[in-house]
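Notes for the structure review
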Amino acid sequence: MSLRRRVSRALRGRELTWRYLFNRRPTLAYRFDGHRLGAEERRVAADLERNGLAISTVSALLGSTALTALFDELVAEVRSAEDLRRDEILRAREAAKSDVAQTTGEKKFLLELLGLHPVLDPDSVFARFALARPFLDVANAYFGMYTQLRHYNVWRNFPSSGGARTSQLWHRDREDRQILKCFVYLSDVEADSGPLTYVPGSHAAGPRRAEPESFLEAGVRRTNDEQMAKVYPPDTWIRALGKAGTVVFADTRGFHKGGLVEGRDRVMFLSMFTSGASQSDELFQRPRDLRVPADPAVAFALGRPGSAGTASS
C-alpha cells in the first residue's frame, strides 16, 4: 500500500478528519437542514449511539397507514419473488445441508433473493422501503450527516452443516468508520434461527476497545465464541430475537455474528448506509439514467458514492 493510501486510511479512521475533511459537505448540510425526529426515532438513535445496536418494530417506527402499507407491499413482493424461485430455493437449501467446507469463504447457507448486485431502482418497493423516512432519518441522525444507501437485498439463511464459518463467526465490517445496517425480519427469528448477536459498545463511538484473539479464514480475520468470551462474557452479548416485523439497526463496525441457523430459516430485508466518503465498492448495478428526487436527504442517499462526500466537494 502506498504512503498516500496509508495516510488517507489513517485520516478516515479519525472522527474529526472523517467528518469534517472527507464528509464536510453532508455533515454541514445535515446540520443546517432543520430535521426533526419522532420519539421512536430519537430512542433508536440514542440506543445506537450508546450500544451500536437498537431494536424496534415496523409498527413503532413507521406508524402511519401509508408506511405500514409499504411494509405489506414489501412482504407481498418477497413472497412473489420466492414463489418464482421456489426450485432454486429448494436446491440452495439442500446444498447448505451438505456443505461442510470451512475455508472457502463461500456462504452456501445464504441466498440473496435479489442477486449479488441488485439493480438500484428508486421506484421498486425495495428502494422505497429502504429509504422510508424513519429509516433514513435514523441513519442520518446516527451519523450526524446525510448518508448514502449502499445496498439492499432480501436474505434467506438455511440450516447448514460443518459448524460456524464466515459471517457466522465474530467479525467487524470495514466499509467505513460507521456502518449502519437495518435488518427487517420477514420471519420470526428465534434462538435456533441464527439471530444477529452483538457486543454492545464495541462500535467506534463505544467504550469497549479490547480486541479478542482471532484467526484468518480465507484471508478474513474471524473470532470464535470461546475467544470472544475471554474478552466479553456471553452474558454481555445481545441476541436480536424477534417476531416478523422486528427492526434491528446495527453499526457493524462493532463485533457481531449471525446466520448460524439450526432450526427454521431466517428471512429478512437488509439495507446498508455509509458516509459518502466510504471507499468500499458499491453493491448495486447503477443505471445510467437514475432518477434522483428533489428531497435532499433521499437525493444524497441515492447519489453515486464518493461524488458528494469528499474533501474537494
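Structural notes, computed from the coordinates. (Residues numbered from 1 in each chain as written. Predicted model: local features only at pLDDT ≥ 70, side-chain atom pairs only at ≥ 80, totals over all residues. Heavy atoms only, no water.)

**Things to note about the sheet that holds strand 3 (residues 148-157)**
Pairing between sheet strands relies on hydrogen bonds along the backbone, with the strands arranged either parallel or antiparallel. For the record, the criterion: Between any two strands, at least two bridges found by DSSP are needed for them to pair. For helices the rule is a DSSP run of H or I covering at least 4 residues; for strands it is a run of E covering at least 2, with both sets numbered from the N terminus onward. Note on geometry: axes are lines fitted to C-alpha atoms, helical ones only across the stretch in contact, with angles between N-to-C directions running from 0 to 180 degrees. In this description, contact between two residues means that some pair of their heavy atoms is separated by no more than 4.5 Å.
In spatial order, the strands read 1-9-4-11-3-2; together these 6 strands make up an open sheet with antiparallel pairing. Every interior strand has two partners, whereas the edge strands, strand 1 (53-57) and strand 2 (110-112), have only one. When the angles between neighbouring strand axes are averaged without regard to direction, this sheet yields 25°. Pairing of strand 3 with strand 11 (residues 266-274) involves 9 bridges; the strand directions are antiparallel. Bridged to R156 within strand 11 is V267. Running at roughly 150° to strand 4 (residues 180-185), helix 9 (residues 133-143) makes contact with strand 4, strand 9 (246-251) and strand 11 of the sheet.

**A word on the layout of surface pockets**
This is how it is decided: In this analysis, the protein atoms alone were mapped onto a 1 Å grid. Cavities are point sets where a 1.4 Å probe fits without being able to get out; pockets are open sets with protein on both sides within 12 Å along at least five of seven lines; lining residues have an atom within 4 Å of a point. Grid points are joined across faces, edges and corners, and a volume is the space filled by probe spheres set on the points. Three categories are distinguished: nonpolar for Ala, Val, Leu, Ile, Met, Phe, Trp, Tyr, Cys and Pro, charged for Asp, Glu, Lys and Arg, and polar for the others, with Gly belonging to the last.
When its volume is computed, the second largest pocket comes out at roughly 280 Å³. What lines the second largest pocket is a set of 16 residues, among which Q168, T197, D225, K257 and L260 lie closest to the centre. Among the residues making up the lining of the second largest pocket, the classes are represented as 6 nonpolar, 6 polar and 4 charged.

**Re unusual backbone geometry**
This is how the line gets drawn: Here's how the labels work: a residue is buried when its accessible area is under 20% of the maximum for its type, exposed when over 50%, partly exposed in between, all with a 1.4 Å probe on protein chains only.
Residues other than glycine seldom take positive phi values, yet T166 does so here, at roughly 45°. In this fold, T166 is placed in the loop between strand 3 and strand 4. Unusually for a residue other than glycine, A218 sits at a positive phi of about 50°. Residue placement: A218 occurs in the loop between strand 6 (215-217) and strand 7 (220-222). Under the relative-accessibility criterion, A218 is labelled partly exposed at 46%.

**Some thoughts on helix 9**
Counted residue by residue, helix 9 has 9 buried out of 11 residues, so it is predominantly covered. With its phi angle positive at about 70°, G144 sits one or two positions after the end of helix 9.

**Points about the sheet that holds strand 10 (residues 256-257)**
On the basis of which strands lie adjacent, the open sheet formed by 3 strands has the order 8-5-10 and antiparallel pairing. At either margin of the open sheet sits one strand with a lone partner, and together these are strand 8 (238-239) and strand 10. Two strands pair when backbone bridges link them, and strand 5 (residues 197-198) and strand 8 are joined in this way by 2 bridges, in the antiparallel orientation. Counterpart to Y198 in the pairing with strand 8 is I238.

**Thoughts on the packing of aromatic side chains**
What counts is decided by this rule: Each aromatic pair joins two rings of Phe, Tyr and Trp (for Trp, the six-membered one) with centres within 6.5 Å, and gets the label stacked for planes under 30 degrees apart, edge-to-face for over 60, and tilted for any other angle. Charge over a ring is defined by NZ of Lys or CZ of Arg lying within 6 Å of the ring centre and within 35 degrees of the ring normal.
The tally for this structure, following the rule as stated, stands at 13 aromatic pairs. On the basis of an interplanar angle of 15° and a centroid distance of 6.5 Å, the ring pair of F126 and F269 is categorised as stacked. Within this pair, whereas F126 is found in helix 8 (residues 125-130), its partner F269 is found in strand 11, the two being separated by 143 residues in sequence. Pairing W170 with W237 gives two aromatic rings, centres 4.9 Å apart and planes at 65°, and the pair type is edge-to-face. Here the residue W170 occupies a position in the loop between strand 3 and strand 4, and W237 occupies one in the loop between helix 10 (225-231) and strand 8, the gap between them amounting to 67 residues. A cation over a ring is seen here: R172 above F255, with NZ or CZ 3.9 Å from the ring centre.

**With respect to the pairing of strand 9**
The buried fraction of strand 9 amounts to 6 of the 6 residues, a majority that puts the element mostly inside the structure. Residues T246, V248 and A250 line one face of strand 9 and the alternating positions V247, F249 and D251 line the opposite face, and both faces are buried. Where strand 1 lies against strand 9, 5 bridges are found, and the strand directions are antiparallel. Directly across from I55, in strand 9, lies its bridge partner V248. Pairing between strand 4 and strand 9: 5 bridges, direction antiparallel.

**A few points about the pattern of salt bridges**
Two side chains carrying opposite charge are able to pair once their charged atoms lie near each other. Operational definition: Here, a salt bridge means any Lys or Arg side-chain nitrogen found within 4 Å of an Asp or Glu carboxyl oxygen.
If you walk through the whole model with that rule in mind, you get 22 salt bridges. R43 is paired through a salt bridge with D47; the nearest N and O atoms lie 2.8 Å apart. With R43 and D47 both in helix 4 (residues 39-51) and 4 residues apart, this pair spans about one turn of that helix. The salt bridge involving D265 is made with R93; its shortest N-O contact spans 2.3 Å. Of this pair, D265 sits in the loop between strand 10 and strand 11 while R93 sits in helix 7 (residues 86-98), and the two are 172 residues apart along the sequence. By sharing partners, the salt bridges in this structure join E40, R43, D47 and R50 into a single network.

Remember, this is a structural readout, not a statement about activity or role.
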